[in-house]
Every structure is written in structure tokens, then in C-alpha cells.
Amino acid sequence: MDPNQKFENRLIHEKSPYLLQHAHNPVDWHAWGEEVFSLAAAADKPVLLSIGYSTCHWCHVMADESFSDPAVAEIMNRAFFCIKLDREERPDIDHIYITAVSALNGSAGWPLNVFLTPDGRPFFGGTYFPPAGRPGLPSWKDVLLHIERAWNDPETKKKILASSTALTDVLKQHLSSRAGPPVNGQQANDMQLIAGAVKVLADNYDNNFGGFSRAPKFPMPPTLSFLLTAARLGRIQKIEPRMGQAALDMVRHTLKTMADGGIFDQVGGGFHRYATDERWHLPHFEKMLYDNAQLASVYLDAQDLIDDPWPSEKAAEILDYMVRDLMRPEGGFYSAEDADSYPGKPGVGHKKEGAFYGWRLSDVQSALPRQDADIMAYHFGLEPDGNVRHDPSGEFGGINVPFCAHTLAETAARFALSEEEAGRILSRGRDILFAERNRRPRPHLDDKILTSWNGLALTALSKGFLVLGREKYLEGARKTAAFIHENLYDEATGNLRRRWRDGEAGIDGLAEDYIFLVQGLLDLYRAGLDPDHLAWALEISDRFYNLFYDNMSGSCFAVADGHDRHLLFRPADETDNVLPSVSSTAVLAFQRLAALTGSARYEQAAGRLLARARAGLEQHPVSAPLMLAALGNRLAGHNRIVVFGNLTDAVTGAMIQAARSNAAVGNDVLLIDGPAAIDTLGPHIPDILSYVPGDNRPAAWVCAGHTCHPPVSDPDKVRRLLSVNGKD
């Protein structure tokens, strides 16, 4: 029996899988809320805020080493009021305090351990602390005792309070107001900003293995999406063609090296979170919904620019993984799978990172016929002593992480086979290894459902249907939208909830929940043309506009006013990272909403957000790559194709297909297929009746900006008009 099971703290009543993982620590953990801050203020004790997530490897390590130790817990309980926070449930809180620790130390990560005054101001923090001190890294126990002594010394405490106030002021200035005056008093034009950002990325590009750093390497989907926009401008609009080619070369090379690396699960599909080495080989093995949803979208968008089927084939493997392993049968996607799992029987011994995914060559040889095993070993770089060269943990001796060491052509030539036959053997071998792997203990599944991440999944599935034509993706998106509508949306108020787990919705929706869902519903409408999805997107976007958009400053806040009185301040969200920022996503969504509805309000809001962002982009061109993508969309223009007619009519269907022929570049179809669509969309689109022809025959209007061409009823004419508008 685990000795920790004799303890039970108040986290036992929480829904977060991460908090529940700590419910049997001897630490007297509190959840974030009114009670803990009131207790800390009454006792005049500092607060220890420990932030992580349920699939975080080093969070598990620190929990096992320190938070499960009764002697350490005794110090924590005596000297502090201790809070456990799931960063995925409350990214607004995490954003403030990880920025604070970065300001104090130069870097930060998870687990994030931050010491606060009783009113929440940070004064010290770090990430992982070991149980015994190392050169340059004190033990966790020493940190606790040092801070306890400092707080109890009146003179030192005065300094702590003063420094916490100063740090909070800096954080507030940094996170709630990022705009500034133009550099040198002059503004670069849109194309100069985009070309400048491409140059910055090119200067930092790894020409050998792709990506924009050495190690560790994160995929960074927003950056890749921006490069696709720049490449499209260069190719389609004939603007800065050399810039466009440079952008395409970088994104194509990065997508290919990532897809061939160990960061991609070569046996079961889907991307791990990041690579610990520069070659994309040894990953940190957790799998996140948000990574996979975004990367599927990027690969699908790339297919439009790459004359080879591998981008969409890779996207299909990602989507199939998501639907198979992360999706509830009734709709809705779970959040993540852990990096760690049991290497033997479930519950026996200690979990080990990558245990589910690694292979000994002997295991492969036992599972497959000899020649098939040799072919698999050659293609996927499997070696008798293991293929992990960069192994800082020392845990992967003798273990192979499959990667594409040789191309299909090289593999076929090596074994004197046709490429078709070699491909069949590799596919068969993967299926056998996949079945063999599924006999192992699976990694922990974080089964909470987050509205924002599910919005990203809606986008990925909808694009998957449009590019690949697979109905299961559209059906999965429809089920997921229905699940969110039923379980996380209040029709009476228009409010969203952020998290659903175990039959219960909780946490008021954050800005990212609203705007990621709006973007996902717009993509779902583009794919399925159900007017209810567009109407819902418009309702939520109105709620987002009222709760989070500040028309005076032209910025978007991460939380609604009054969301949490213990939040130090109301942060803006303007920097793209592994997730898109709220502001960037809002601009992209507002541009589409303005085009679809003709709404001046959304057109003006998009312009205000872009104007606010310009100065920051001039100083730091790649801080918000999706904001630059929005600038690119403005240069390229956005087509609205209004189609009148019934979906069962062949001419109507052909015109819709013509309008979708280049779905990745911003064409949005508005379908008016009868009185029901007019009734549903009429309140949001005032001029909808102007697109009903007098003879009720199928017709299409191709519109750019506020100008529409006369209606046509020929799919080829739709294509030609789109070509005139620079989209084909």
C-alpha cells in the first residue's frame, strides 16, 4: 500500500485531476479561493502557491520527493498556507506568476513554486527544487526554512513586502499594457512588418533540423501558421516572392523534420509536447490536445502550398489519434496523456517517463517476422543498444524511440523491394507494434474537458473534413460542439464555463474559452454549413466583445471584469506562445465575422487590435506571429461567397465546392438554403434577404470587402471570380 494513502487533504473534493493527484499528500493543500487568503491574512503568514498539471513529469518527481514527505510537509504546514493550482484550469493565474518567476530568475517552468504575501503579491519563486541541495540549486527544505526565517524577521519582512509591491507594479505594467509608440516615430507598412518577421525567424532558423532554437525544441504552431501566411502572400499575391519562398522553405522543412522525428509517435500517431534535443528525436512524452489540434491544422493548411501528399497524410494520423485516444464517444476531447507510465504491471513499482512509447530491439524482433523486424529497424532507426544519444536523465539505456531514419525509397532499395511492398510491410509492422504496445499499462489520461482546447479541436476536425473529405471528422466536430452547447454553455446568459469533468461544469469561462470556440465554430460552419453553428458563433462573439474587448485601448483581457478578486490585476493576453493569444485569435475571428456579416463593429475592432499591436510588433516582430498573420490576411483580402440554393441541388453543391477549392486561404461560404437559414441568421446579418434571387434559382455572389460581383450560377464562374480576387 502506498504510505501516502493514510493522508487525505481538502483537495479530495476537487475535480481537477492534478489537484486530486495531491489529495493524499501530508501537505495541508488548499485550492485557490477566498478561504486560504483569509486564513493567511488572519495569521499573517505567507502563501505558497504551487502550480502544475497532471501530465507534468517534473511535477510528479517533486511530489514524490518532497510533497509526499511528512517531515517536509510539517514545515510547509507550519510556516505557510499552501495552495495547489492546475495551470490548465486557471491559465490567467499561472500567466501572472510564471511571468513573476521569469522576472526574478530569468526563466520559469513547471512545477512552479511561488511565495506570496497574504494578499497575493509574489516575492520569491522557482521551479523544481530537489530534496537534497546541489551546486547552484538549494534543497526544497532549505528554501522553506530560509523563507520562514526571513518572514519572521521584522526588518527582512519589510524588505520582502517592499519588493513584492515593486514586482507587482512591474508585472501589472508589463501584462496589462504592452503597446507603445512607433519605433523612431514612424510606422512600417504591413508588408515590411511581415517581411521583417520572416527575416528574424530566418536568422534564428536551424537549417539542419528545422525549428527556431537548438534544444529543447517546441513545435510553436502560431509561428508555423504565420510562415504559411507569408508564403501564401509571396506565391498567390506575388508580393515579396523571395520572402514567401523563404517562409515556405522554413515551414516545409520544419514540418517534415518534426513528422519524421521521435517527437511524433511513429507507431500510434500524434505529437508529444516537445523534443529535448535539437534533432526532434527524444521527446518529453506527454501528449497535449492543444498541440495536436493546432499541428493538425497547420499540416492541413500546408497542403495547399506543398505539392506532395505527406502534409495531409500526417494530419490524418494526428486527427485519428485525437479521435481514438482523446475523444469521448459522445463528443468532447480530454486534455492530455501523461509522459510517465508503469514499465511493468499496473501499480507495481514506479512510473517511468516514456515507458509506454519506447522499444527494445528484442521486443520488436519478438513481435514481427525476422525480415519485417529488420525492415522496421532500418526504417525507424532501431538499434540493439538503443538509439537515444541525448539522454540527460539516464533513463533510456537500451531503449529505442522510433524515428524515420531512412526514407521509404531508401528502405525499399536496402531490401531490394518495391516502394509499394516496403510500405505495406512498414504499415503492417506498425499495426502489430501498436497492438503489442496497447498491452502495456497506459499513461494517465487527464480527462477534464476544456472549452478553449475543444475550440481548437473543432478547427482541426473541420479542416480535416474539408481537406481530406472524411465524414468522421465532421461528425466528431458536430458531436463536440453539441457537447459544449449542452454542458458548458448557458443559453439564458450567453456565458460559458471553462471545465467539465465527471458530470460537472466549473470555472467561469476565460477569454480564450470564448474566442477559441468562436474560431472553432466558424470553421465548423465552413465545413458543415449548419446555420445554427454560425448563429452560435455570432452570439458567443458578441458576449466576448462585451466581456473581454476594451474598445478604448484596443486590447483584449484574459478575464472578465470582476472574475476573481484575488487576481492581482486583470491581465491582457497579447503574446502568442505554444497557444495563440486571445488578442491574435480575436483579430482573426473578427476579420471573418466582419466579412461574413458585414458588421462594422467587428471590422473596427479588428482594426483597433491591429493598430494597438503594431508598435510591439515593430520592436519584437515574432512576439505575436498570428497578429502578423492577420496583417497578411488584410493584405490578401477575405472573400465571402454567398450561395443561395439547397444543398441537395447539384448546381448549389458544385458552387460550394468551387468556393471551397482553396479553403485554407480565407474563403468563407455563407449558405442561404431556405427560410430556416434566413430566420436563424437574419438577426445577425441584416442584408441577408438581398441575396435571395427573385426566381429562387441557385446563385452565388463573390464578395471582397464591401463589394460583391453580380450573382452567377456557374461553378466555373465562381472559380474565375475568386481568381480575379487573388485567391486561386
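Residues numbered from 1 in each chain as written. Predicted model: local features only at pLDDT ≥ 70, side-chain atom pairs only at ≥ 80, totals over all residues. Heavy atoms only, no water.

**Q** When you look at the overall build of the protein chain in this model, what are you seeing that I'm missing?
**A** Within the protein chain, the secondary structure is distributed over 26 helices and 22 strands. The C-alpha radius of gyration of the protein chain comes to 27 Å, within 12% of the 27 Å expected for a compact globule of 728 residues. Partitioning the contacts of the protein chain with sequence separation of at least 6, the portion at a separation of at least 24 is 68%. Of the roughly 28600 Å² of accessible surface on the protein chain, a fraction of 50% belongs to carbon and sulfur atoms. Computed over 73 positive and 93 negative side-chain charges, the separation of the two mean positions in the protein chain equals 2 Å. (Helix = DSSP H or I, 4+ residues; strand = E, 2+ residues; numbered from the N terminus. Rg over C-alpha atoms; globule rule 2.2 N^0.38 Å. Contact = heavy atoms within 4.5 Å. Areas by Shrake-Rupley, 256 points an atom, 1.4 Å probe, with all protein chains shown as cover. Lys, Arg positive; Asp, Glu negative; His and termini not counted. Charge placed at Lys NZ, Arg CZ, Asp CG, Glu CD.)

**Q** I would appreciate a short explanation of the sheet that holds strand S21 (residues 699–704) in the present structure.
**A** Sheet strands pair via backbone hydrogen bonds, and the direction of the pair is either parallel or antiparallel. Read across the open sheet, the four strands follow the order S20-S19-S21-S22; overall the sheet is mixed. Bordering the open sheet on either side are strand S20 (668–672) and strand S22 (707–708), each of which pairs with just one other strand. Running over the sheet, helix H24 (residues 650–659) touches strand S19 (639–644), S20 and S21 and is turned about 175 degrees from S19. (Pairing = 2+ DSSP bridges. Axes fitted to C-alpha atoms, helices over the stretch in contact; angles between N-to-C directions.)

**Q** For this particular structure, what's the right way to read helix H16 (residues 419–437)?
**A** Working note: α-helix, 3.6 residues per turn, so residues spaced by three or four point in the same direction. An ideal rise of 1.5 Å per residue puts 27 Å on 19 residues; H16 measures up with 26 Å between its terminal C-alpha atoms. In the core, the buried residues of H16 are packed alongside helix H13 (361–367), helix H14 (370–380) and helix H15 (408–414). (Expected span 1.5 Å × (residues − 1).)

**Q** Explain the packing of helix H10 (residues 241–260) against helix H11 (residues 289–303) here, please?
**A** The description of two helices packed together rests on the angle between their axes and the distance between the axes. Taken N-terminus to C-terminus, the directions of H10 and H11 make an angle of 130 degrees; their axes are 11 Å apart at the nearest point. Judged on the interaxial angle alone, H11 and H10 are oblique. In the packing of H10 onto H11, the handedness of the crossing is left-handed. Packed against H10, whose contacting residues are Leu255, Met258 and Ala259, the element H11 presents Leu295, Val298, Tyr299 and Ala302 at the interface. Along the lines of polarity and charge, the residues of the contact of H10 with H11 split into seven nonpolar, no polar and no charged. (Parallel < 35°, antiparallel > 145°, perpendicular 65-115°, else oblique. Left-handed = near helix turned anticlockwise from the far one by under 90°. Nonpolar A, V, L, I, M, F, W, Y, C, P; charged D, E, K, R; others polar.)

**Q** It is not clear to me how the nonpolar core should be interpreted in this structure. Could you clarify?
**A** Here is a general trend for soluble globular proteins: nonpolar side chains tend to be buried in one another's company. If you look at the biggest cluster of nonpolar residues, it comprises 178 residues, and the most contacted ones within it are Met76, Trp140, Phe544 and Phe590. It is helix H19 (residues 511–528) that contributes the most residues to this core, eleven residues altogether. Not counting the four nearest positions on each side in its chain, Trp140 is found in contact with Leu48, Met62, Ser66, Phe67, Val72, Met76, Asn113, Phe115, Phe129 and Pro130. Core analysis: the next-biggest nonpolar cluster, separate from the first, contains 27 residues, Val36, Ile83, Leu510 and Ala558 among them. (Core = buried A, V, L, I, M, F, W, Y, C linked by side-chain atoms within 4.5 Å. Buried < 20%, exposed > 50% of the residue type's maximum accessible area, 1.4 Å probe, protein only.)

**Q** Teacher, can you tell me more about the pattern of salt bridges here?
**A** Oppositely charged side chains can form a pair if their charged atoms are brought close together. A full pass over the atoms with the stated rule returns 51 salt bridges. The closest approach of N and O atoms between Asp564 and Arg90, which form a salt bridge, is 3.0 Å. A residue pair is termed long-range when its members are at least 10 positions apart, and Asp564 in the loop between strand S18 (555–556) and helix H21 (582–597) and Arg90 in the loop between strand S3 (81–86) and helix H5 (91–105) qualify at 474 residues. The partner of Glu420 in a salt bridge is Arg424, with the nearest N and O atoms 3.3 Å apart. (Salt bridge = Lys/Arg side-chain N within 4 Å of Asp/Glu carboxyl O.)

**Q** What's the story with the sheet that holds strand S8 (residues 287–288) in this structure? I'm lost.
**A** The three strands lie next to each other as S8-S9-S12, forming an open sheet whose pairing is antiparallel. This sheet does not close on itself; its edge strands, each paired only once, are S8 and strand S12 (445–446). By the bridge criterion, two bridges tie strand S9 (residues 336–337) to S12 in an arrangement that is antiparallel. Along S12, the bridge assignment pairs Ala336 with Asp446.

**Q** What is the right way to look at the packing of aromatic side chains in this model?
**A** Ring pairs (aromatic) are described by centroid distance and by the angle formed between their planes. In this structure the tally under the stated criterion is 32 aromatic pairs. Aromatic pair Phe271 and Tyr299: ring centres 6.0 Å apart, planes at 25 degrees, arrangement stacked. In this pair, Phe271 sits in the loop between H10 and strand S6 (274–275) while Tyr299 sits in helix H11, placing the two residues 28 residues apart along the sequence. On the basis of relative accessible area, Phe271 is assigned to the buried category, the value being 0%. Ring geometry for Phe356 versus Tyr357: centroids 5.1 Å apart, planes at 90 degrees, classification edge-to-face. We classify Phe356 as buried; its relative accessible area is 1%. Every member of this aromatic cluster is reached through a ring pair, and the members are Trp29, Phe67, Phe80, Phe115, Phe124, Phe129 and Trp140. When the ring centre of Trp29 is taken as reference, the NZ or CZ atom of Lys84 above it lies at 5.1 Å. Arg440 extends its terminal NZ or CZ atom over the ring of Trp359, reaching a point 4.1 Å from the ring centre. (Phe/Tyr/Trp six-rings, centres within 6.5 Å; stacked < 30°, edge-to-face > 60°. Lys NZ or Arg CZ within 6 Å of the ring centre and 35° of its normal.)

**Q** What is the right way to read the pairing of strand S4 (residues 112–116) from this model?
**A** Consecutive side chains of a regular strand alternate in pointing toward one face of the sheet and then the other. Of all five residues in S4, five are buried, a share of seventy percent or more. Neither face of S4 is left uncovered, since the one carrying Leu112, Val114 and Leu116 and the one carrying Asn113 and Phe115 both have all their residues buried. The pairing of strand S2 (residues 47–52) with S4 spans five bridges and is antiparallel. Opposite Val47, over in S4, you have Leu116 as the bridge partner. Note: S4 against strand S5 (residues 122–126), four bridges, orientation antiparallel. Bridge pairing links Asn113 to Gly126 in S5. As consecutive antiparallel partners, S4 and S5 are separated by five residues, and within that stretch Gly120 has a phi angle of approximately 95 degrees, a positive value.

**Q** I tried to follow the state of the cysteines on my own but got confused; where do I start?
**A** One covalent bond between the sulfur atoms of two cysteine residues makes up a disulfide. For the coordinates displayed, the defined rule picks out two disulfides. At a sulfur-sulfur separation of 2.0 Å, the disulfide partner of Cys703 is Cys708. Its S-S torsion of about 105 degrees marks the bond between Cys703 and Cys708 as right-handed, since a negative value means left-handed. On the accessibility criterion, Cys703 (1% relative accessible area) is buried. (Disulfide = S-S within 2.5 Å.)

**Q** Where do I start with the side chain of Asp277 in this structure?
**A** Relative to the helices and strands, Asp277 resides in the loop between S6 and strand S7 (283–284). Put simply, Asp277 is tucked away with no salt bridge, and the nearest opposite charge, on Arg279, sits 5.6 Å away. In this structure the side chain of Asp277 is engaged in a polar contact, spanning 3.3 Å, whose partner is the backbone nitrogen of Arg279. A distance of 3.0 Å separates a polar atom in the side chain of Asp277 from the backbone nitrogen of Leu282. Excluding its chain neighbours within four sequence positions, the residues that come into contact with Asp277 are Arg214, Ala215, Lys217, Leu282 and His390. (Polar contact = N/O pair within 3.5 Å; in protein donor to acceptor, adjacent residues only side chain to side chain.)

Keep in mind that these numbers describe shape and distance, not what the molecule does.
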